[in-house]
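Spelled out, the chains give:
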Amino acid sequence: MGEIVMTEFLSLDGVVEAPGGEDFRYPNWSFEFDRGTEGERFKELGSLQASALLLGRVTYEGFASAWPQYEGELADKYNSMPKFVFSSTLENLEWTNTTVLRGDLREEVSQLTREIEGEISVPGSIRLVQGLLAEDLVDELHLMTFPVALGYGRTLWGQTPDKSAWNLTEATTYGDGVLVTIHQRRR
């Protein structure tokens, strides 16, 4: 059975919008902070242990335009692994092993977790993540909090139908004060 593992870069005030994107009031804001070698390795190891990627259309398009050009262990993993993208508009699947999901979020994700063994990684993909959280489909949160308050931008948490409890399983500070926390859904 698969587990949905969400990874987000966020500011102290909860902004997750475009941490490495240029089309934003504060372009590439997460790059202003050094995560250090150990912080980079933490992020890389989390990606390497995933069995599949689950993405929203915007994140998919960014990844699909970048990752096929890279080489190395992580690029090989991303480029060959199964990728599932939620989109009602995406037509051209340029990235290898990509499947578009257009159905009901709860049904599609439940089916994925039955079919895929291991971690189904959800990097970025704000709207998708908010939907997954609202439907209580996330098993684990990996939050990399950068020591900056942006005061502007989309935040991680939207309204949800009910409260949810999480167990903090890890907290580590890397580089320039970047706090990484891992939370597992308390069920």
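Residues numbered from 1 in each chain as written. Predicted model: local features only at pLDDT ≥ 70, side-chain atom pairs only at ≥ 80, totals over all residues. Heavy atoms only, no water.

Q: Before we move on, can you summarise the layout of surface pockets with the specific residues and values?
A: Space inside the largest pocket adds up to approximately 1400 Å³. Lining the largest pocket are 44 residues; nearest its centre among them are Thr-59, Phe-63, Pro-123, Gly-124 and Ser-125. At the level of elements, β1 (2-11), α1 (36-48), α2 (57-66), α3 (73-80) and α5 (126-134) are the ones that each hand at least two residues to the lining of the largest pocket. In terms of residues, the lining of the largest pocket owes the most to one element, α2, which gives 7 residues. In the lining of the largest pocket, the residues fall into 17 nonpolar, 15 polar and 12 charged. (1 Å grid on protein atoms, 1.4 Å probe; cavity = no way out; pocket = protein on both sides within 12 Å on 5 of 7 lines; lining within 4 Å. Points joined across faces, edges and corners; volume = space filled by probe spheres on them. Helix = DSSP H or I, 4+ residues; strand = E, 2+ residues; numbered from the N terminus. Nonpolar A, V, L, I, M, F, W, Y, C, P; charged D, E, K, R; others polar.)

Q: Help me get a handle on the environment of Thr-7, residues and values and all.
A: Mapping Thr-7 onto the fold places it in strand β1. The contact partners of Thr-7, leaving out residues within four places of it in the chain, are Lys-43, Val-122, Pro-123, Gly-124 and His-142. (Contact = heavy atoms within 4.5 Å.)

Q: Outline the side chain of Lys-83, supporting the account with residue identities and numerical values.
A: If you trace the backbone, Lys-83 turns up in strand β3 (residues 83-86). Buried charge without a partner: Lys-83 forms no salt bridge, and the closest opposite charge is Asp-76, 11 Å away. Among the polar contacts made by the side chain of Lys-83, one reaches the main-chain carbonyl oxygen of Tyr-78 at a distance of 2.8 Å. Setting aside its immediate chain neighbours within four residues, Lys-83 contacts Leu-53, Tyr-78, Trp-95, Thr-96, Asn-97, Thr-98 and Thr-99. (Buried < 20%, exposed > 50% of the residue type's maximum accessible area, 1.4 Å probe, protein only. Lys, Arg positive; Asp, Glu negative; His and termini not counted. Salt bridge = Lys/Arg side-chain N within 4 Å of Asp/Glu carboxyl O. Polar contact = N/O pair within 3.5 Å; in protein donor to acceptor, adjacent residues only side chain to side chain.)

Q: I'd like to hear about empty space enclosed by the protein, residue by residue, with values.
A: Under the definition given, this model contains 1 cavity of 30 Å³ or more. Quantified by volume, the largest cavity comes out at close to 90 Å³. Contributions of two or more residues to the lining of the largest cavity are made by β1, α1 and β5 (118-123). Taken together, the residues of the lining of the largest cavity break down into 2 nonpolar, 5 polar and 2 charged.

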